[in-house]
Amino acid sequence: MLAAPSVSAEVKTLSDEPIPYKGDALPERTKPLLEIGRDLLGTGPLDPGFELPTGAVWQPALWVFGQYRTGVGIFKNGDSAEVQEWANRLDLFANLQLSGTERVLFGLSPLRDGGRFSGYHRRPEEREGFSNQFSGEITTLFFEGEIGEIFPDADPFDTGGLDIGFTVGRQQLLFQEGLLINDTVDAVAVTRDTLIARDVSVDTRLTALFGWGNVHRSDNERDDKAKLVGLFSETDFQTSTVALDAIWVTGGEDGGSETDGLFLGAAATQRLGKVNTAFRVAQSVALDDTSAAVDTGTVFLAELSGDPMGNDDVLYVNAAWAIDRFTSAARDPIAGGPLGPVGILFASPNLGDYGTALSNRADDVVAAAAGYQMFFNQERTQLVAELGTRIATDPDRRDAAAIGLRFQQALGSRFVLQLDGFVSREEARDLGYGARSELLVRF
């Protein structure tokens, strides 16, 4: 019998010496307004931090950042009065990062009060002059974390199913691409991630949410009595991601009418070859009376996009069909209606009184948009051309069509110049038009 050869094992330990990055030079980091502690997206040795009694290691850092938007525009649609304005918006955030999964985020928008913005109006004449919409209202304040990371000693081998994320406070919610919810709500949510069925290659995330305050209804008005309960799921299959959502809202009265509602949504998102597709359906049910805040209706949304030229350019075609009057569970005062995802002609700019070329309300209508997005100058310049239409399925409503352009140019590492323009025509109404320029500054 041959003896087994002897093997001498050498134990190697990781070096404590940092090894410089040997690839191409990293781009210069754009610093936020304030950094205390480790740098945001910085390099270098990791901060050892401190250990909590639970076993978690926290490495606190405070980052203050934000953006300022200022825009000048002229807008007229249908028979409404012409708007000429200069509008401003400032969003400030302070992010207290405790670890990779735990943080506190605080935010203010001091130049905005609900749906009004600080600036100057030249038209209409009755509103001519400066408008000070200063507000000290807190727009964002929440804590988020993960139980398994806060209490690692409770499950040292990560087998106990403690990968449960949670968040509590005032936070922005966006579900079904804004069809069901597009609002900032006082809420608490618990999420169980990586729910994997045995012998099935799918991964499911399940979220339960309760919102108790700052809920704005589908008419973009705040309902101080509204409460929101939601259950949201998202499952990754091999070829598609499927989302199923359900929301129940109890609200106050609107003109003497009860405003309770049930809201359901389903979506499938996938990539077929070089084409990206998303199909969504959402249903709203007024459980008592119908009003501007809640009504009964259905909306179907289909989105297709791809790169037919084989480069970075994008061709997209989106369409929506609203049956009866669909209403969202919650919508921000500046979010407009639920059809914003159809295209830039339907999307609210979220700044000032500059409206949309085509109405984004989902009431007995077929809405569609086709556009082409071109990139230049190493993607620092882009141009979007879009054609859109609204075809009424109710004989008492009017058809409309519009064409629009959007130009964006990055200036340095903090500035973006944006130019928008459109021409629209609604049946039996005057020609509509709009043009605006905006400068965005990130810091």
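Reference entry: report on the structure contained in this document.

Scoring rules and cut-offs
In this convention, every chain numbers its residues from 1, walking through the sequence in written order. For this predicted model, a pLDDT threshold of at least 70 governs which residues receive local features, and a threshold of 80 or more governs which side-chain atom pairs are given and counted, while totals over whole chains, interfaces and linings are taken from all residues. Processing note: side-chain calculations cover all non-hydrogen atoms of the structure and skip hydrogens and water entirely. What counts as a helix is a DSSP run of H or I of at least four residues, what counts as a strand is a run of E of at least two, and both are numbered from the N terminus. Only heavy atoms enter the contact rule, under which two residues are in contact if any of them lie within 4.5 Å. Using the Shrake-Rupley algorithm and a 1.4 Å probe, accessible areas are obtained, with residue cover drawn only from the displayed protein chains. The patches described consist of residues with a relative accessible area above 30% and no salt bridge, like charges being joined within 9 Å and nonpolar side chains (Val, Leu, Ile, Met, Phe, Trp, Tyr) within 5 Å. Here, a salt bridge means any Lys or Arg side-chain nitrogen found within 4 Å of an Asp or Glu carboxyl oxygen. Each residue's exposure class comes from its accessible area (1.4 Å probe, protein chains only) as a fraction of the maximum for that residue type: buried when under 20%, exposed when over 50%, partly exposed otherwise. As used in this record, nonpolar core signifies buried Ala, Val, Leu, Ile, Met, Phe, Trp, Tyr and Cys residues forming a set joined through side-chain atoms within 4.5 Å. DSSP calls a pair of strands paired once it identifies at least 2 bridges connecting them. Ring pairs are drawn from Phe, Tyr and Trp, using the six-membered ring of Trp, whenever the two centres fall within 6.5 Å, and their geometry is named by plane angle: stacked under 30 degrees, edge-to-face over 60, tilted for the rest. We call a charge positioned above a ring when the Lys NZ or Arg CZ atom is no farther than 6 Å from the ring centre and deviates by at most 35 degrees from the ring normal. Any residue with an atom within 4 Å of a point lines the site, the site being either a cavity, points on a 1 Å grid over the protein atoms alone where a 1.4 Å probe fits but cannot get out, or a pocket, an open set with protein on both sides within 12 Å along at least 5 of 7 lines. Grid points are joined across faces, edges and corners, and a volume is the space filled by probe spheres set on the points. Classification used: nonpolar for Ala, Val, Leu, Ile, Met, Phe, Trp, Tyr, Cys and Pro, charged for Asp, Glu, Lys and Arg, polar for all others including Gly.

Quick look at the overall build of the protein chain now. Looking only at helices and strands, one finds one helix and 27 strands in the protein chain. The dimensions of the protein chain, computed from C-alpha atoms along their principal axes, are 100 × 50 × 50 Å. Within the protein chain, contacts between residues at least 6 apart in sequence are counted, and of these 55% link residues at least 24 apart. Accessible surface for the protein chain amounts to roughly 24000 Å². Of this, 58% is attributable to carbon and sulfur atoms.

With that settled, consider a nonpolar patch on the surface. Residues Val 168, Val 188, Phe 210, Trp 212, Val 229, Trp 248 and Leu 287 make up a contiguous nonpolar surface patch of about 570 Å² in total accessible area. Inspection of the secondary structure puts Val 168 in strand S11 (residues 164–175). Classification of Val 168 by relative accessible area gives partly exposed; the value is 35%.

So, about the nonpolar core. Among the nonpolar cores identified, the biggest contains 42 residues, and Ile 181, Ile 247, Val 299 and Leu 339 are the most heavily contacted of them. Among the elements that line this core, the one with the most residues is strand S12 (residues 181–195), at four residues. Setting aside chain neighbours within four positions, we find Ile 247 in contact with Leu 180, Ile 181, Leu 228, Val 229, Gly 230, Phe 232, Gly 261, Leu 262, Phe 263 and Ala 329.

Attention now moves to the pattern of salt bridges. A complete count under the given rule lists 24 salt bridges for this structure. A salt bridge links Glu 137 to Arg 170; the shortest N-O distance between them is 3.3 Å. Residue Glu 137 is located in the loop between strand S9 (129–131) and strand S10 (138–146), and its partner Arg 170 is located in strand S11; the two are separated by 33 residues in the primary sequence. With relative accessibility at 32%, the residue Glu 137 sits in the partly exposed group. The partner of Glu 177 in a salt bridge is Arg 280, with the nearest N and O atoms 3.2 Å apart. Within this pair, whereas Glu 177 is found in the loop between S11 and S12, its partner Arg 280 is found in strand S19 (residues 275–286), the two being separated by 103 residues in sequence. Residue classification places Glu 177 among the partly exposed residues on the basis of a relative accessible area of 34%.

This next bit is on the pairing of strand S14 (residues 227–236). Both strand S13 (residues 203–213) and S14 contribute to a ladder of nine bridges, which runs antiparallel. Paired with Leu 209 across the bridge in S14 is Gly 230. As paired strands, S14 and strand S15 (residues 241–250) are joined by 10 bridges and run antiparallel to one another. Within the sheet, the bridge partner assigned to Phe 232 lies in S15 and is Asp 245. Here S14 folds back onto S15 in antiparallel fashion, the turn holding four residues.

Within a pair of aromatic rings, the relevant descriptors are the distance that separates the centres and the angle that separates the planes. Taken as a whole and assessed by the stated rule, the structure comprises nine aromatic pairs. An aromatic cluster is built from Phe 75, Tyr 354 and Phe 422, whose rings are joined through pairwise contacts. One Lys or Arg, Arg 436, reaches over the ring of Tyr 354 and ends 5.5 Å from the middle of that ring.

Turning our attention to the pairing of strand S5 (residues 83–97). Here strand S4 (residues 61–76) runs beside S5; their pairing, made up of 15 bridges, is antiparallel. Looking across to S5, one finds that Gly 71 is bridged to Ala 87. What sits between the antiparallel neighbours S4 and S5 is a turn of six residues, in which Gly 78 has the positive phi angle 65°. Inspection of the sheet shows S5 paired to strand S8 (residues 116–123) by five bridges, in the antiparallel sense. Residue Asn 88 lies in a different strand from S8, and its bridge partner there is Ser 118. Where S5 hands over to strand S6 (residues 103–108), the hairpin turn is made up of five residues, counted between the paired strands.

Quick look at the layout of surface pockets now. Its volume calculated, the second largest pocket comes out at about 750 Å³. Along its surface, the second largest pocket is lined by 35 residues, and Gly 355, Thr 356, Leu 358, Ser 359 and Asn 360 are the ones closest to its centre. Listing elements by their share of the lining of the second largest pocket, those giving two or more residues are strand S23 (363–376), strand S24 (381–392) and strand S26 (415–426). Along the lines of polarity and charge, the residues of the lining of the second largest pocket split into 10 nonpolar, 12 polar and 13 charged.

Here the focus is empty space enclosed by the protein. Scanning the model with the defined rule gives three cavities of 30 Å³ or more in all. As for the largest cavity, its lining consists of 16 residues, of which Ile 344, Tyr 354, Arg 406, Asp 420 and Phe 422 are closest to the centre. Looking at the lining of the largest cavity, the elements with two or more residues in it are strand S25 (400–411) and S26. Residue composition of the lining of the largest cavity, grouped by class: eight nonpolar, five polar and three charged.

With that settled, consider unusual backbone geometry. The step from Arg 123 to Pro 124 runs through a cis peptide bond, and the omega angle for that step is -5°. Counting through the fold element by element, Pro 124 comes out in the loop between S8 and S9. In this model, Leu 41 sits at a positive phi of 60°, which is unusual for a non-glycine residue. Tracing the backbone shows Leu 41 in the loop between strand S1 (34–36) and strand S2 (50–51). The phi dihedral of Gln 378 falls on the positive side, at around 55°, and the residue is not glycine. One can find Gln 378 in the loop between S23 and S24.

Within the secondary structure, Leu 262 is located in strand S18 (residues 261–272). A relative accessible area of 30% means that Leu 262 is categorised as partly exposed. Sequence separation between Leu 262 and Phe 157 is 105 residues; the distance between their C-alpha atoms is 41 Å. With near-sequence residues (within four places) excluded, Leu 262 lies in contact with Ile 247, Gln 283, Ser 284, Val 285 and Leu 287.

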